[in-house]
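# Per-entry structural report
So the chains spell out like this:
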Amino acid sequence: MSILQMKGIVKAFSGVPALRGVDFEVKAGEVHALLGANGAGKSTLMKILTGAYQTDEGSISIDGEQLQIHSPQDAKAQGVQCVYQEVDTALIPYLSVAENILLDQLVQAKGTDLIRWPRIYSQAEDILREFGFSISVKKQVEACTLSEKQLILIARATVQKAKFVIFDEPTAPLSNRECERLFQIIAQLKQAGVGIIYISHRLPEIFQICDRITIMRDGQRVHTTETAATDMDEVISHMLGKSFAEEFP
Ligand code: ADP
Ligand code: MG
Ligand code: MG
């Protein structure tokens, strides 16, 4: 069983610390929530894992083998995919839905006759149908709604047969029905042995779908639950740095 580990991750932006030596791990077939106030460092930690940022210190390994992740391409080659919080920056607005979903395949295509557009469209149609998302594959992404854009990112990240998938606040733009569909997709990934890192502020969905919770505060990991949390005070007190009762007497 695969395990991805981050150890002693340190990162500062212009001398201002964002991560102060964070240890974090996620196992294959686990949905691991990352929880913490805005600015705690969740996205920064994940961007180090996806090669979007470089660490100042610390290491990343899968099954004890050190990884060198210097770029998003390195991360993808290691089987790490991400549904980014900043939806728009991860999409190419003037390309179609199909092209954005299959972007990695398009980028890898070389030569003049390698891209067969009808096939790209039908492949994207199949993917969207399987996921139960109704979006026209030829539509330009700049004409898509925010929830459609989020579904495109979800489709792109999950179609890659990744070993680990990160979802950074994925439900914010989604309807209830789309959220439930996402949770089914995550359950299928988990069943297939994918390790999932799930960032959200929405406690009900975290309690519904996650196996463990890691709580971050001020650039540090302050707690990881042993199992799916059953104790709200355990979670909230680590987020606040004091117990629920102390905060709200
Ligand atoms: P979270 O995802 O938990 O809300 P972030 O990882 O986005 O937190 O941010 C952690 C800290 O790092 C914040 O103080 C934020 O302002 C800072 N930070 C994140 N990305 C950058 C960046 N590209 N440049 C400067 N500061 C950044
Ligand atoms: Mg934030
Ligand atoms: Mg964030």
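Our structure's up above, just so we're on the same page.
The rules we used
- Residues numbered from 1 in each chain as written.
- Chains lettered and ligands numbered in written order.
- Predicted model: local features only at pLDDT ≥ 70, side-chain atom pairs only at ≥ 80, totals over all residues.
- Near = placed C-beta within 6 Å.
- Helix = DSSP H or I, 4+ residues; strand = E, 2+ residues; numbered from the N terminus.
- Nonpolar A, V, L, I, M, F, W, Y, C, P; charged D, E, K, R; others polar.
- Pairing = 2+ DSSP bridges.
- Contact = placed C-beta atoms within 7 Å.
- Axes fitted to C-alpha atoms, helices over the stretch in contact; angles between N-to-C directions.
- Buried ≥ 20, exposed ≤ 12 C-beta atoms within 10 Å, placed from the backbone.
- Parallel < 35°, antiparallel > 145°, perpendicular 65-115°, else oblique.
- Core = buried A, V, L, I, M, F, W, Y, C linked by C-beta atoms within 7 Å.

### Some details on the site of ligand 1
Taken together, Phe-13, Ala-18, Gly-36, Asn-38, Gly-39, Ala-40, Gly-41, Lys-42, Ser-43 and Thr-44 make up all the residues around ligand 1. In terms of residue count, the dominant contributor to the shell around ligand 1 is helix H1 (residues 42–49) (three residues). Along the lines of polarity and charge, the residues of the shell around ligand 1 split into three nonpolar, six polar and one charged.

### Description of the sheet that holds strand S2 (residues 16–27)
Reading across the sheet, the four strands line up as S2-S1-S4-S5 and stay open at both edges, with antiparallel pairing between neighbours. One side of each edge strand has no neighbouring strand; the edge strands of this open sheet are S2 and strand S5 (65–66). As paired elements, strand S1 (residues 3–13) and strand S4 (residues 57–62) share five bridges and run antiparallel to each other. Bridge pairing in S4 links Val-10 to Glu-57. Packing against the sheet, H1 makes contact with S1, S2 and S4, and its axis sits at approximately 115 degrees to S1.

### Observations regarding the environment of Gln-85
Counting through the fold element by element, Gln-85 comes out in the loop between strand S6 (80–83) and helix H3 (97–101). For Gln-85, a count of 18 C-beta atoms within 10 Å corresponds to the partly exposed category. On a C-alpha basis, the gap between Gln-85 and Ala-172 in space is 9.1 Å, while along the polypeptide they are 87 residues apart. Discounting chain neighbours no more than four positions away, the residues touching Gln-85 are Ser-43, Asp-168 and Glu-169.

### Section: the pairing of strand S9 (residues 212–217)
Pairing of strand S3 (residues 31–35) with S9, which is carried by four bridges, proceeds in the parallel orientation. Across the sheet, residue His-32 finds its bridge partner in S9, namely Arg-212.

### Section: unusual backbone geometry
One non-glycine residue, Lys-161, lies in positive phi territory at about 55 degrees. Secondary-structure assignment places Lys-161 in the loop between helix H6 (146–158) and strand S7 (164–168). The class for Lys-161 is exposed, based on 9 C-beta atoms found within 10 Å. Although it is not a glycine, Glu-169 adopts a positive phi angle of roughly 45 degrees. Structurally, the position occupied by Glu-169 is in the loop between S7 and helix H7 (176–191). With 19 C-beta atoms packed within 10 Å, Glu-169 lands in the partly exposed category.

### Details of the packing of H6 against H7
Where H6 meets H7, the closest approach of the two axes is 12 Å, and the angle between their N-to-C directions is 5 degrees. Taken as axis vectors, H6 and H7 run roughly parallel relative to one another. Along its contact with H6, which presents Ser-147, Leu-151, Ile-154 and Thr-158, the element H7 presents Glu-178, Leu-182, Ile-185 and Leu-189. A per-class count over the contact of H6 with H7 returns five nonpolar, two polar and one charged.

### Digging into the nonpolar core
By size, the foremost hydrophobic cluster in this structure holds 65 residues, and its most contacted members are Leu-45, Leu-49, Val-97, Val-165 and Ile-196. Once residues within four sequence positions are removed from consideration, Ile-196 is found in contact with Glu-30, Val-31, His-32, Val-165, Phe-167, Ile-186, Leu-189 and Lys-190.

### Quick notes on the pairing of S3
The element S3 is largely enclosed, with a buried count of five among its five residues. In terms of strand pairing, S3 meets strand S8 (residues 195–199) through four bridges, oriented parallel. Of the residues in S8, the one forming a bridge with Ala-33 is Tyr-198.

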